[in-house]
Amino acid sequence: MLGMTFAGLRVPLRWCPRPWAVTSMFCMAEPRWGKASVSSTWRLLSGTSIEPPLTRERYGVSRLPFSRVTAQDLHAFQQLVPGRVVTDEEQLRSHNTDWLRTVRGHSEVLLKPESTAEVSQLLRYCNERNLAVTPQGGNTGMVGGSVPVFDEILISTALMDQVISFDNVSGALVCQAGCILESLNQYVEGQGYIMPLDLGAKGSCHIGGNLATNAGGLRLLRYGSLRGTVLGLEAVLADGTILNCLSSLRKDNTGYDLKQLLIGSEGTLGLITAVSILCPRRPCAVNVALLGCKSFTRVLEVFAMCRDLLGEILSAYEFLDTECMRMVQTHLKLSNPLTDSAFYVLIETSGSCASHDEEKLNTFLERALDSGLVTAGTLATDQGKIKALWALRERITEALSHDGYVYKYDLSLPVNKLYDLVAETRVRVGTSARSVVGYGHLGDGNLHLNVTADSHSDTLLAVLEPFVYDWTARHCGSISAEHGLGFKKRDHIHYSKSSAAVQLMQRLKHMLDPKGIMNPYKTIPSID
Ligand code: FAD
Ligand code: 2HG
Ligand code: ZN
């Protein structure tokens, strides 16, 4: 029986009789895949029911000269999607406001197509009439891209939720864009596979929305970005043209790879209607450890050690600071299984051979403790405990939304500089913020810097911006690692992209959507 010292205890690896609150538990765990219910993240998690001011008022935006919806338009929509034209103000309310409750439009109509043909007819009509449109999936986006700024027509993928095919030899899943990520994961799990992406919003976000934002999430370290795992997609362009690139081939170098244009385009180039995606095999041995570190330098050293000693079985390396832990404890009543630490690291391993993973994990944990890089830790033993550990990381966003108004920054930075920005921001804002927290996908070099305050304040915003963007550009980072630009960040694109790149984006946009009806005011600055 292997054993090791951890938090001063010598604990055999397969032995874990202690209650969850005890810090040292070394056991190989059941996979965490599966069982999770399709909870509505939107309903469960959004922090406050208070409506934000209208976007046009808070941000002083001018409406572009699109047509306004008339009774005749509503009649035409009824012909195209009978019984699926929503105009009731109460029903529209949650679709007009983002999950964070920071931006609000005033669309008067939401359309719910069920098929690609219906989307095509709707967009052709809107384009001819010069009516602006906002595609909407689960409305969990973080940058204000999923809700209208003015009265754009909402086109929801909620009723496009059918799996089209699944190849249980290759793992290629083809489905409509409105399938909820968590439902898809449950579906493919039944066949021995998992989805290549996972995020805290899985209970609400749609796979089409995931592609449209090129969502990263918790499995990117292992399975890579959607740009690699998406095999094909189908989209409808502004004029109603159906672009069928729904291939399930691993290799296809015939011409330009058009799907890549749509991935991460945030509804500005077309509406994604179907997706073909490669699912990895469900790993049969999954372990999750939560470790405490005294400093961020140690977090980095543990990461290097992890990569050396865990190699191919490392599937997530996430970090959170002590302020994040305080947030989930205070607002969500989650319990910290460790003694207080300045930093916490959540490590997941996934492999196909439990004994092999066990051996590797033993070596790693032993070294991490002996070297003093880690001060405390716990290894989850079963599905419930694995979920409890993940909750401490996954639910930070939700906890923050209970803390007040949240200023969010989602940055890619060289890992050795990553936490310096949090420390500098803390000093800079002083007492004008409630909290400044840092967490994220450290294994991917992705920092989530969040600042909470009593309410939205232009003064605090001016303290934060352009400081955060300048700092990021100076360190050769990206101002949008995984959430996109949406409404809130589009005018900051120049911090991360050259003028030549932005101009080419504008020309592509103009070519695909000459009237600019697709999600206006978002992602790239308009040409004028
Ligand atoms: P929406 O929010 O509805 O839309 C997002 C954007 O995509 C909008 O611009 C919209 O117009 C466009 N869009 C939506 N559907 C389509 C379509 N079919 N065709 C064209 N355009 C479309 N993101 C990460 O990257 N990593 C994370 O770890 C992560 N965790 C999160 C955790 C929580 C609790 C929350 C609330 C959000 C999180 N996000 C994360 C944000 C993330 O972008 C989304 O959750 C998700 O990818 C958006 O999907 P959605 O269906 O909700 O899209
Ligand atoms: C996460 O990694 C999400 O939890 C959300 O990307 C990050 O709320 C945030 O800033
Ligand atoms: Zn993230």
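Let me begin by describing the structure that accompanies this report. Model, not experiment: these values are computed from the prediction.

This part is about a nonpolar patch on the surface. On the surface, Y256, L258 and L261 cluster together into a nonpolar patch covering about 340 Å² of accessible area. Counting through the fold element by element, Y256 comes out in the loop between β10 (242-245) and α10 (259-262). Relative accessible area serves as the criterion here: at 77%, Y256 is assigned to the exposed category.

The subject of this paragraph is the coordination of the zinc ion (ligand 3). Looking at the zinc ion (ligand 3), one finds its protein donor set to be H441 (NE2), H448 (NE2) and E482 (OE), positioned 1.8 to 2.1 Å from the metal centre. Written as a sequence motif, the donor arrangement for the zinc ion (ligand 3) is H-x6-H-x33-E. Separated by 41 residues along the polypeptide, H441 in strand β17 (residues 435-441) and E482 in the loop between α18 (467-474) and α19 (499-512) bring together distant segments of the chain.

Right, let's get into the side chain of D513. Within the fold, D513 resides in the segment after α19. The buried category is assigned to D513, whose relative accessible area is 1%. A polar atom in the side chain of D513 sits 2.9 Å from the backbone nitrogen of M518. Discounting residues that sit within four places of it in the chain, D513 has contacts with A238, T268 and M518.

This part covers the site of ligand 1. Around ligand 1 lies a shell of 33 residues, among which P135, G137, G138, T140 and G141 are the nearest. Here an oxygen atom of ligand 1 and a backbone polar atom of P135 are 2.6 Å apart. At 3.1 Å, a backbone N or O of E266 approaches an oxygen atom of ligand 1. For ligand 1, the accessible surface in isolation is 960 Å², of which the surrounding protein chains cover 97%. Here the shell around ligand 1 gets four residues from one element, more than from any other, and that element is helix α7 (residues 207-213). Each residue belonging to the shell around ligand 1 can be placed in one class, and the counts come to 10 nonpolar, 21 polar and two charged.

Our focus in this paragraph is the sheet that holds strand β14 (residues 343-351). Spatially, β15-β12-β14-β13-β17-β18-β16 is the arrangement adopted by the seven strands of the open sheet, whose pairing is antiparallel. Each of the sheet's edge strands pairs with one partner strand only, and the pair in question is β15 (376-379) and β16 (405-412). Across this sheet, the average inter-strand angle for adjacent strands is 15°, counted without regard to direction. Bridge analysis of β16 against strand β18 (residues 446-453) gives eight bridges, and the strand direction is antiparallel. Within β18, the residue paired with L411 across the bridge is L447. Where helix α14 (residues 383-394) meets the sheet, its contacts fall on β12 (285-293), β13 (314-321), β14, β15, β17 and β18, and the angle it forms with β12 comes to roughly 50°.

Here we come to the nonpolar core. Counting residues in hydrophobic clusters, the biggest one holds 55 residues, and the most contacted among them are I347 and F364. Per-element accounting of this core gives the leading share, nine residues, to helix α11 (residues 296-310). Inspection of this core shows a minimum of three residues originating in each of domain 1 (3-30 + 283-396) and domain 4 (404-496). Those residues in contact with F364 that lie beyond four places of it in its chain are L291, V302, M305, C306, L309, L310 and I347.

Reading the values: rules and limits
- Residues numbered from 1 in each chain as written.
- Chains lettered and ligands numbered in written order.
- Predicted model: local features only at pLDDT ≥ 70, side-chain atom pairs only at ≥ 80, totals over all residues.
- Heavy atoms only, no water.
- Patch = residues over 30% accessible without salt bridge, like charges linked within 9 Å, V, L, I, M, F, W, Y side chains within 5 Å.
- Areas by Shrake-Rupley, 256 points an atom, 1.4 Å probe, with all protein chains shown as cover.
- Salt bridge = Lys/Arg side-chain N within 4 Å of Asp/Glu carboxyl O.
- Helix = DSSP H or I, 4+ residues; strand = E, 2+ residues; numbered from the N terminus.
- Buried < 20%, exposed > 50% of the residue type's maximum accessible area, 1.4 Å probe, protein only.
- Donors = N, O, S within 2.8 Å, 3.2 Å for Na, K, Ca; no water.
- Polar contact = N/O pair within 3.5 Å; in protein donor to acceptor, adjacent residues only side chain to side chain.
- Contact = heavy atoms within 4.5 Å.
- Near = heavy atom within 4 Å.
- Nonpolar A, V, L, I, M, F, W, Y, C, P; charged D, E, K, R; others polar.
- Pairing = 2+ DSSP bridges.
- Axes fitted to C-alpha atoms, helices over the stretch in contact; angles between N-to-C directions.
- Core = buried A, V, L, I, M, F, W, Y, C linked by side-chain atoms within 4.5 Å.
- Domains from an automatic or database assignment.

Honestly, that's just the spatial picture; any functional story needs more than this.
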